[in-house]
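Overview (structure and organization)
If you want the building blocks of each chain, they are given just below.
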Amino acid sequence: MHTPTRFPWKDEYTVGNEFIDSQHRTLLELSDLLHVAVNAGQGYRIIQNAYAALVKYTQEHFQAEERFWGSAKSKSAEQHRAVHRTIAAELADLRQEGEFGVVFCTPNELSNWVEHRLIAHFIEEDQNAYRTLPRPGRKAKG
Ligand SMILES: [Fe+2]
Ligand SMILES: [Fe+2]
């Protein structure tokens, strides 16, 4: 059975490198699981697990990608790291620990982060960094 997803993969997201693209697909799948949980008003444990999985994989992806840009000699590697840090900090802000316990983002806040930060990063900085690599760098593995 095909379940419609909130953040489906689109060809226009492709960076052109299989290693990066497959990690980006996984990020969207994990974002989707979190969106389903938040949208359905699931209990704390289910949302927390989905959120933790997205945070962990985002960190892993950013680290892997930073190694990739470094070894491929991307000129924007330093700036790129800074963008990753900002996006990760914004993801961290989607979960707030307050006086009365933990509060997670609304489905809209999550969609905003996924669409305007995560996906926007795929199609702006990630595509641009890949497009402007020195030629031999394009073959580098993560
Ligand atoms: Fe990326
Ligand atoms: Fe990136």
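The structure displayed is predicted, hence computed values, not measured ones.

1. A look at the nonpolar core
Counting residues in each nonpolar core, the largest one holds 17 residues, and the members touching the most others are Leu34, Val38, Ala50, Leu110 and Val114. When contributions to this core are tallied by element, the ones reaching two or more residues are α1 (18-39), α2 (44-71) and α4 (107-131). With near-sequence residues (within four places) excluded, Leu110 lies in contact with Leu34, His35, Val38, Leu94 and Cys105. Within the second largest apolar cluster, 8 residues are counted, among which are Phe68, Trp69, Ala129 and Leu133.

2. Here's the deal with the UniProt feature "domain: Hemerythrin-like" (unreviewed entry) in the protein chain
Here, UniProt's "domain: Hemerythrin-like" (unreviewed entry) annotation points to residues 16-97. The annotated region residues 16-97 carries 80% helix and 4% strand content, and the separation between its end C-alpha atoms amounts to 39 Å.

3. Let's talk about the pairing of strand β2 (residues 101-104)
Bridge analysis of strand β1 (residues 95-98) against β2 gives 4 bridges, and the strand direction is antiparallel. Each residue of the ladder has a partner; that of Gln96, found in β2, is Val103. Hairpin remark: β1 followed by β2, antiparallel, with 2 residues in the connecting loop.

4. As for helix α3 (residues 77-92)
The terminal C-alpha atoms of α3 lie 23 Å apart, and with 16 residues this matches the ideal 22 Å at 1.5 Å per residue to within 8%. Every buried residue of α3 is listed here: His80, His84 and Leu91. All buried residues of α3 fall inside an arc of 45° around its axis, so they share one side. Residues of α3 that are exposed and angled more than 90 degrees away from the buried face: Glu78, Gln79, Ala82, Arg85, Thr86, Ala89 and Ala92. At its buried positions, α3 is contacted by α2 and α4.

5. A closer look at the environment of Val55
Note on placement: Val55 falls in helix α2. Considered as a pair, Val55 and Glu97 are 42 residues apart in the sequence and their alpha carbons are 16 Å apart.

6. Side note on α2
Across its 28 residues, α2 extends 40 Å between first and last C-alpha, which sits within 8% of the 40 Å expected from 1.5 Å per residue. If you check which residues of α2 are buried, you get Ile47, Ala50, Tyr51, Leu54, Thr58, Glu65, Phe68 and Trp69. Check the buried side of α2 and you find it contacts α1, α3, β1, β2 and α4. Positioned one or two residues after α2, Lys73 has a phi angle of 60°, which is positive.

Cut-offs and rules
Residues numbered from 1 in each chain as written. Chains lettered and ligands numbered in written order. Predicted model: local features only at pLDDT ≥ 70, side-chain atom pairs only at ≥ 80, totals over all residues. Core = buried A, V, L, I, M, F, W, Y, C linked by C-beta atoms within 7 Å. Buried ≥ 20, exposed ≤ 12 C-beta atoms within 10 Å, placed from the backbone. Helix = DSSP H or I, 4+ residues; strand = E, 2+ residues; numbered from the N terminus. Contact = placed C-beta atoms within 7 Å. UniProt positions renumbered as here; feature names shortened; annotations may be inferred. Pairing = 2+ DSSP bridges. Expected span 1.5 Å × (residues − 1). Arc of directions from axis to C-beta.

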